[in-house]
Amino acid sequence: MKLSTRSLMREFPKAKAAARKGQTVEIVDGKTGEKFLLTAKPTRTFGELAARAKGVYDGPRGLSTREGFGA
């Protein structure tokens, strides 16, 4: 996505959403010609994180039945 500094405030919500999806947003200053790159680390949803963790623990359901935890 490419924006000018003049249109940045108007298009900021779209630029922020694009950066969160992993796209690089290029902001160009019309007067000086400087270019700035806006990037963000893509966010993961709880569902994506939980899907990776599913089935990691293979022990008994009740943690108190494991050795060292029993009474």
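Keep in mind that this is a model prediction, so the values were computed, not measured.

*Asks:* What is the right way to look at the overall build of the chain in this model?
*Replies:* Helices and strands together make up the secondary structure of the chain, namely two helices and three strands. When its helices and strands are written in sequence order, the chain yields β-α-β-β-α. Here the chain, with 71 residues, has 14% of them falling under the buried criterion. When contacts within the chain are restricted to residue pairs at least 6 apart in sequence, those whose partners lie at least 24 apart make up 17%. On the chain, roughly 6,300 Å² of surface is accessible, and the fraction owed to carbon and sulfur atoms is 56%.

*Asks:* Would you explain the environment of Ser4 in this entry?
*Replies:* Looking at where Ser4 falls in the secondary structure, it is placed in strand β1 (residues 2–4). Residue classification places Ser4 among the partly exposed positions, given a relative accessible area of 31%. Here Ser4 is in contact with Ile27 and Val28, once residues within four sequence places are set aside.

*Asks:* Before we go on, may I ask you to explain the nonpolar core in this structure?
*Replies:* Residues Leu3, Leu8, Ala15, Ala18, Ala19, Val25 and Ile27 constitute the largest nonpolar core, which totals seven residues. Per element, the largest residue contribution to this core is four residues, and it comes from helix α1 (residues 8–20). Excluding its chain neighbours within four sequence positions, the residues that come into contact with Leu3 are Leu8, Glu11, Ala15, Val25, Glu26, Ile27 and Val28.

*Asks:* I'm lost on the pairing of strand β3 (residues 35–38) in this one. Help?
*Replies:* The two faces of a sheet get side chains in turn, since along a regular strand they alternate between them. Strand direction decides the pairing type here: strand β2 (residues 25–28) and β3, joined by four bridges, are antiparallel. Across the sheet, the residue bridging to Val25 is Leu38, located in β3. The hairpin formed by β2 and β3 contains six residues between the paired strands, and Gly33 there has a positive phi angle of roughly 85 degrees.

*Asks:* What am I meant to see in the pattern of salt bridges here?
*Replies:* Oppositely charged side chains can form a pair if their charged atoms are brought close together. Tallied over the full model, the rule gives three salt bridges. When the shortest N-O distance is used, the salt bridge between Arg10 and Glu11 registers 3.9 Å. With its nearest N and O atoms 3.7 Å apart, the salt bridge here joins Glu26 to Lys35. Judged by relative accessible area, Lys35 falls into the exposed class, the value being 57%. One continuous salt-bridge network, built from bridges that share partners, spans Arg10, Glu11 and Lys14.

*Asks:* Help me understand the pairing of β2, please; the structure alone is not making it clear to me.
*Replies:* With three bridges joining them, β1 and β2 adopt parallel strand pairing. What sits directly across from Lys2, in β2, is Glu26.

What counts as what
- Residues numbered from 1 in each chain as written.
- Predicted model: local features only at pLDDT ≥ 70, side-chain atom pairs only at ≥ 80, totals over all residues.
- Heavy atoms only, no water.
- Helix = DSSP H or I, 4+ residues; strand = E, 2+ residues; numbered from the N terminus.
- Buried < 20%, exposed > 50% of the residue type's maximum accessible area, 1.4 Å probe, protein only.
- Contact = heavy atoms within 4.5 Å.
- Areas by Shrake-Rupley, 256 points an atom, 1.4 Å probe, with all protein chains shown as cover.
- Core = buried A, V, L, I, M, F, W, Y, C linked by side-chain atoms within 4.5 Å.
- Pairing = 2+ DSSP bridges.
- Salt bridge = Lys/Arg side-chain N within 4 Å of Asp/Glu carboxyl O.

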